[in-house]
Amino acid sequence: MSSELKLDGKYFAQALLNVKGFYYCTEPPFVSASGLKEPIYSDHRLLMAHPDMVNNIANGMVKLIKKNYDAPDIIVGVATSALPYATLVSQKLDLPLAYVRPREKDHGRRRLVEGLISDGAKAIIVEDVLVLGISSMNAYNAVVAQGAKVLGIVSIYNLKLARLESNLRKMGVRNYSLYDLDILMQVVAAKKYFDMEKIRLIAKWRENPYDFFEKYYKSEIKR
């Protein structure tokens, strides 16, 4: 497989389906770290059982960085799921690595940021999945507090929700992902991974993910 093909979003979407890492459930719904109720869950941690795929993801991220950003001085991973990819990306680019915890440690030196981020350094944040961008905002604020500049965020996947785009604008950074929910649903439909009713409900959820379960799902599906 050529390196260019490995950057194709459908390749990464198919990889997730191959490890059965895409789930649908509405009763109860999944809840993301941001608190958003979702009918779907993408478990990219399962890909870590496949070293070749981890390497392909890191290669894809390196290409996204080289293509879309100025040369960074440091790679910053978001703990914990993005750390394997951030580590590989930093090695492939021969750059220092740091990472941001979800919250300060309650022991030791009580750090939020692990590693050394120099004042004025240009940083790329590495994420695995972007839902609303809450963990990215936490990482962004932590990196800026160190006196560094965030060039942007690269991730494996994002849900392309309007609030995510709004949060990225607030930070003034761009995100580039290897694939997104649009691409994933194209592959899901083509492979008949879910039936059409589930695909329809996922599309309906995306129209208004904040009221879907409280309004549409209760009134239209469970009546």
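That block above? That's the structure.
Residues numbered from 1 in each chain as written. Predicted model: local features only at pLDDT ≥ 70, side-chain atom pairs only at ≥ 80, totals over all residues. Heavy atoms only, no water.

Asker: I tried to follow the overall build of the protein on my own but got confused; where do I start?
Answerer: When helices and strands are counted, the protein shows nine helices and 11 strands. Whereas a compact globule of 223 residues would reach a radius of gyration of roughly 17 Å, the protein reaches 18 Å, a difference of no more than 12%. C-alpha atoms of the protein, sized along the principal axes, occupy 55 × 40 × 30 Å. Residue burial in the protein is summarised as follows: out of 223 residues, 48% are buried. Here the protein contributes 32 positively and 24 negatively charged side chains, and the mean placements of these two sets differ by 1 Å. (Helix = DSSP H or I, 4+ residues; strand = E, 2+ residues; numbered from the N terminus. Rg over C-alpha atoms; globule rule 2.2 N^0.38 Å. Buried < 20%, exposed > 50% of the residue type's maximum accessible area, 1.4 Å probe, protein only. Lys, Arg positive; Asp, Glu negative; His and termini not counted. Charge placed at Lys NZ, Arg CZ, Asp CG, Glu CD.)

Asker: How do you make sense of the layout of surface pockets when you look at a structure like this?
Answerer: If a probe as big as a water molecule is rolled over the atoms, it shows which places are left empty. There is about 740 Å³ of room inside the largest pocket. Together, 32 residues line the largest pocket, and A33, R45, D128, V129 and S135 are the ones closest to its centre. For the lining of the largest pocket, the secondary-structure elements that each account for two or more residues are β2 (30–31), β4 (40–42), β9 (129–130) and α5 (134–145). Every residue lining the second largest pocket is counted, 11 residues in all, and those nearest its centre are L64, N68, Y176, S177 and L178. Among the secondary structure elements, those contributing two or more residues to the lining of the second largest pocket are α3 (51–68), α6 (162–171) and β11 (174–180). Among the elements that take part in the lining of the second largest pocket, β11 stands out by supplying four residues, more than any other. (1 Å grid on protein atoms, 1.4 Å probe; cavity = no way out; pocket = protein on both sides within 12 Å on 5 of 7 lines; lining within 4 Å. Points joined across faces, edges and corners; volume = space filled by probe spheres on them.)

Asker: When you look at the pattern of salt bridges in this model, what are you seeing that I'm missing?
Answerer: Pairing between side chains of opposite charge can happen when the charged atoms of each approach one another. Applying the stated criterion to the full structure yields eight salt bridges. Note that E114 is salt-bridged to R101, the shortest N-O span being 3.1 Å. On the criterion of sequence distance, the pair formed by E114 in strand β7 (residues 113–114) and R101 in the loop between β6 (97–100) and β7 is long-range, its members being 13 residues apart. The exposure class assigned to E114 is buried, which follows from its relative accessible area of 12%. For R101, a relative accessible area of 23% puts it in the partly exposed group. Through salt bridges with shared partners, one network takes in K160, D180, D182 and R206. (Salt bridge = Lys/Arg side-chain N within 4 Å of Asp/Glu carboxyl O.)

Asker: I would appreciate a short explanation of the environment of D180 in the present structure.
Answerer: With respect to the element layout, D180 can be found in strand β11. When neighbours within four sequence positions are excluded, D180 is seen to be in contact with Y157, N158 and K160. (Contact = heavy atoms within 4.5 Å.)

Asker: Please clarify how the packing of helix α2 (residues 9–18) against helix α7 (residues 181–191) should be interpreted in this entry.
Answerer: A packed helix pair is summarised by two numbers, namely the angle formed by the two axes and the spacing between the axes. Their axes nearest at 9 Å, the elements α2 and α7 cross at an angle of 60 degrees. As judged from the angle between their axes, α2 and α7 are oblique. Where α2 crosses over α7, the handedness of that crossing is right-handed. Here G9, K10, A13, Q14, L16 and L17 of α2 lie close against α7, whose contacting residues are I183, L184, Q186, V187, V188 and K191. (Axes fitted to C-alpha atoms, helices over the stretch in contact; angles between N-to-C directions. Parallel < 35°, antiparallel > 145°, perpendicular 65-115°, else oblique. Left-handed = near helix turned anticlockwise from the far one by under 90°.)

Asker: Just checking my understanding: could you explain unusual backbone geometry for this structure?
Answerer: Leaving glycine out, the prevailing phi sign among residues is negative, and the prevailing peptide bond configuration is trans. E27 connects to P28 through a cis peptide bond whose omega is 0 degrees. At D94, a position not held by glycine, the phi torsion is positive, near 55 degrees. Tracing the backbone through its elements, the reader meets D94 in the loop between α4 (83–93) and β6. By relative accessible area, which is 70% here, D94 ends up exposed.

Remember that the coordinates give geometry; whether it matters functionally is a separate question.
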